[in-house]
Every structure is written in structure tokens, then in C-alpha cells.
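Spelled out from the first residue to the last, the chains are:
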Amino acid sequence: MDLNNKSLFREKCFVNGLWSDSEDGKTIDVNNPATMEIIGKVPNFSAEQTKSVINKADVAFQSWKNTTAKERSIILKKWSDLIIENVDDLAKIMTIEQGKPLAEAKGEILMGAGYIEFYAEEAKRVYGDIIPDPRPGKRIVIIKQPVGVVGAITPWNFPNSMITRKCAAALAVGCTTVVKPASQTPFSALAVAELAKVAGFPDGVFNIITGSAKNIGMELTKNPKVKKISFTGSTEVGKILMEQSASTVKKISMELGGHAPFIVFNDANIDEAVAGALQSKFRNSGQTCICTNRIFVHESVYDVFLEKFTNEVKKIKVGNGLDEGIVSGPLIDKSSLEKVIDHVQDAVNVGAKVAVGGDVHPLGGNFYQPTVLSNVTTEAKITFEETFGPVAPVYKFSNDEEVIKMANNTPYGLASYFYSRDIGRVWRVAEALEYGIVSINNGLPTIPEVPFGGVKESGMGREGSKYGLDDYLIIKYISMGGI
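Residues numbered from 1 in each chain as written. Predicted model: local features only at pLDDT ≥ 70, side-chain atom pairs only at ≥ 80, totals over all residues. Heavy atoms only, no water.

S.K.: Looking at this model, I keep getting lost on the overall build of the chain. Mind explaining?
M.R.: Across its full length, the chain holds 13 helices and 22 strands. For 483 residues, the compact-globule formula gives about 23 Å, and the C-alpha radius of gyration of the chain, at 23 Å, lands near that figure. Seen through its principal axes, the chain has C-alpha atoms that stretch 70 × 60 × 40 Å. Counting all 483 residues of the chain, 57% fall into the buried class. Contacts in the chain between residues far apart in sequence, at least 24 positions, make up 73% of those at least 6 positions apart. Counting only carbon and sulfur atoms, one obtains 53% of the accessible surface of the chain, whose full area is about 19100 Å². Averaged over its 53 positive side-chain charges, the chain has a centre that lies 6 Å from the centre of its 56 negative ones. (Helix = DSSP H or I, 4+ residues; strand = E, 2+ residues; numbered from the N terminus. Rg over C-alpha atoms; globule rule 2.2 N^0.38 Å. Buried < 20%, exposed > 50% of the residue type's maximum accessible area, 1.4 Å probe, protein only. Contact = heavy atoms within 4.5 Å. Areas by Shrake-Rupley, 256 points an atom, 1.4 Å probe, with all protein chains shown as cover. Lys, Arg positive; Asp, Glu negative; His and termini not counted. Charge placed at Lys NZ, Arg CZ, Asp CG, Glu CD.)

As C-alpha cells, this is what we get:
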């Protein structure tokens, strides 16, 4: 890669402050989803080697937990500053391995730095309580302590910000981390590990390992020295990790699948709703966990919304994310492309109309046309399954009660969106939607200061905000007598 800082491209794991190969020399190829070219190799760590990394992280925890919040804050802030200084190189690495447009990749890098900066500040605000004891001569004190070694398993769609959002909070409170990034996008993780080393984290505090998700995941979940598992990915895999973690009763947080509704009421500002739908649906080529999956439009404004929305989708420029002006890159792999093809064909088979797109892109490979489907019926697969691609199905509804029922008719509950200017409706609908995130008149709700997470089968726990610290802390009650 043509990088200004050549040290950011690493093809080894980061363990205990050193760059390490797998013990048997086995590696995993990593390819560019836009060109299908192999861009490098990373080690394929075994379960036994993972166990060794966990042991080192546990040793490091014994000293890291005793550092002051201010010490941890200073290192985190330095890490954030280094990421910002190297944003161009980090974005290039991400675009080449993940496919998203360069401008979008830069945005993610800066978001990741924002999480670290936020938790650098919050590190100094982990407060306890003194509770009045009704009994004479006794005192009650509540303190918070780091849970221990954290196993973090992160996805390919946001290979920087998912690591920084988890690890910044964990490191801020005194935990150590063992991170397993997705095999499709390991180089973004290894690049931030290089900067973590420069920032001054002690050896063993922050570790990145690559390899088989099954083998590494099994060791992280079964090993009693790992006290917390944080996972972002599919609901199916999340359930497996939860079962595996049960044997040692670990603390867990899961940010799983989503199936976000996007509701346009009859009093909405249509132009703003169109802009929000574009932002929410087609960011990262529709490969986001909070991506709009079902667009419900009131029948009285359906035609005008559909026309304006379709016209804007036609303008989306598809291509290699490194090229100028690209808005939509490739899907991550062939299986993702096949799922999109299947969902569109199924929707058409049961009555939907293709307003724009509807086929693989002339570029071939993993590229698919930005697509809008109209007159979608509730019998279509896309109504119930997460597509994870650049396809926007648009449905009609008649009244508030109907659309709330349609929106909630899913086992998922991560993010939801709606557009309305009626303050009464805003409150009623926001409270009625069964989602961890409700975004009103806003297509992009994610910032470091807010709690991110879902309900139902979209997971548990929260990341980001002051609440994100709680998942890496234990609450200890201290009872004092004889005073």
C-alpha cells in the first residue's frame, strides 16, 4: 500500500507489545472486495496460542487496573491524537480491505478517534456512592472496579470504530483487551494497534489476534481468565457465544442483527425524509447494523416520496472506494451479493416493482446497483430478513397504529427512524417503537456521547456514552462496622 506511515500496514498479530506470527506459520489471505486482489496475509492463531495471549493479558491486568484514571486518560488521549494524525493512511487501509468510499472511511476513523477521546475524558468520572446506613456505627460504600480481561470480537463493516468503541471504554476503566477482528478486515485493527503501542499502552494491555473465528471465539468464551465478552455481529453467532460464555458465567454485551424501520408520516418534511433515508440506507452500501431495511410511507405522501427518493438514488455513483466521487462501494463478498440478489428476486416474485436498480452492477464482481423497490408486500423475505445491501423496499401504510405494528413485527430491535413534525405523535411513536435507538428526523444518530445498543434479539448492553462504561465494571458493596 502507498502509505505515508509504512509502519501502519502490519501482517502480524499484536501480542504483549510485540508483532507475532502463528506458531505453525499458517496464514489467512485478505482480499480487496472491489478488485478481488489479495492485499496481504495475517496469522491464523490457534486456540492454544489464543490461550497464551489471554494469559499475558491477565498478567498485564494486575498492574493496569492499579494505574490512576489520569494515567489511563493521558495514554488514551495520545492514542486518539495519533489516529487523527494518520487519518489518511488509516482510511486508505480501510477502503482497500473493506470497500467503503474513502470519504466514508475517513469519517469512520474520526468517529473511532472520537470514542477514544470521549472515554479518555470519562476515565476520570467512574464514581461510586456512599449510602446512609440505618444502623448505628456502620457505613455503606459502593465502588466500581474493572471486570478484568475483555474478549472483543468485532465485525468487518466498521473495522475501526467497533474496536475503538469497545476497547476505549474497557481500557479507560482499567481492563485489558484481547481483540479478534473479522478476517476480511484485519489490517485496520492492526494499524490502530501500532498506534496504541506508540501511544504508550503497557505490554499486554491491548492485543490483536487473527485467525479462525470458531477456534478463537471458543477459547475467549470458555477461558475463565476472560471475564467479559463484547461482540458485534449476527444474532445467530451472538447466541452461540452467549451459550459458550454461560459455562463461566461471563459478563457479556451483544450488539447483534437489526431490521430498522424508517417511517415517513403524512406531516413529514419530505425532502428531509428523502435525505435521511438516503443517508441511513445507502451508507456503507447498506452494510450497517442500523441500516434502514424497511421504509414505510403514509399513503397520502407515498408517490411524492417515492419519486424524489428514486431520483436521488439514481445519482449514487458506484465504484472502487479509492476513486473520486464514489458514494457506494462493493459488497464485502460473494455470499453477501447472492443474498441481495435473492431478496430482490423474491420481492419481485411476490409483487414488488423495481423503481431503480434491481440487478448486479455492470462493474461485476461484488458490486450491486443501488435499488429501490415499490409496492413491496409483507410476504417478501426482505420484510423479515436483514438484507445488508443497497436495497430499499418501500411500503404503504394508512395510520399510526398500523405502521407501529408493522415496524415492531420483527424479533430485532436495534435502530428505528421516523419523520414527523407533530410533537404529540413524536412522543407517542418514540415510546411505542420497540427499539434501543429511535432517531426522529435524523438519518444518522450515532455519536460517541450516546448509548448504542438494542433490545429483543438485537442484543444487550450499551456502547458509547457514560453508560458504555458500565459493561466493563463491577459494582462492589463494602459494609463497614465498628465505627
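Still more ground to cover, so stick around.
S.K.: Even after reading the chapter, I still don't get the environment of L220, so can you show me in this structure?
M.R.: By the element assignment, L220 lies in helix α7 (residues 213-222). Residue classification places L220 among the buried residues on the basis of a relative accessible area of 0%. Expressed as a C-alpha distance, the spacing of L220 and D133, which sit 87 residues apart in the sequence, is 40 Å. Contacts of L220, omitting those with residues within four sequence positions, involve T50, I54, G151, I153, V178, K180, V226, I229 and K250.

S.K.: Is there a simple way to think about unusual backbone geometry in this case?
M.R.: Glycine aside, the phi torsion of most residues is negative, and most peptide linkages are trans. Here N375, not a glycine, exhibits a phi torsion of approximately 50°, which is positive. Residue placement: N375 occurs in the loop between β15 (371-374) and β16 (391-397). Of note, the phi angle at S465 is positive, near 65°, even though the residue is not glycine. Note on placement: S465 falls in the loop between β21 (459-460) and β22 (473-480).

S.K.: Which parts of the structure should I look at to understand the sheet that holds β22?
M.R.: If you trace the three strands from one edge of the open sheet to the other, you get β5-β6-β22, paired in antiparallel fashion. A strand with exactly one partner marks an edge of an open sheet, and here the two such strands are β5 (129-131) and β22. Here the strands of the sheet are splayed against their neighbours by 25° on average, with no regard to which way each runs. Strand direction decides the pairing type here: β5 and strand β6 (residues 139-146), joined by three bridges, are antiparallel. Bridging across to β6, I130 finds its partner in V141. (Pairing = 2+ DSSP bridges. Axes fitted to C-alpha atoms, helices over the stretch in contact; angles between N-to-C directions.)

By themselves, these are just geometric observations and shouldn't be taken as functional.
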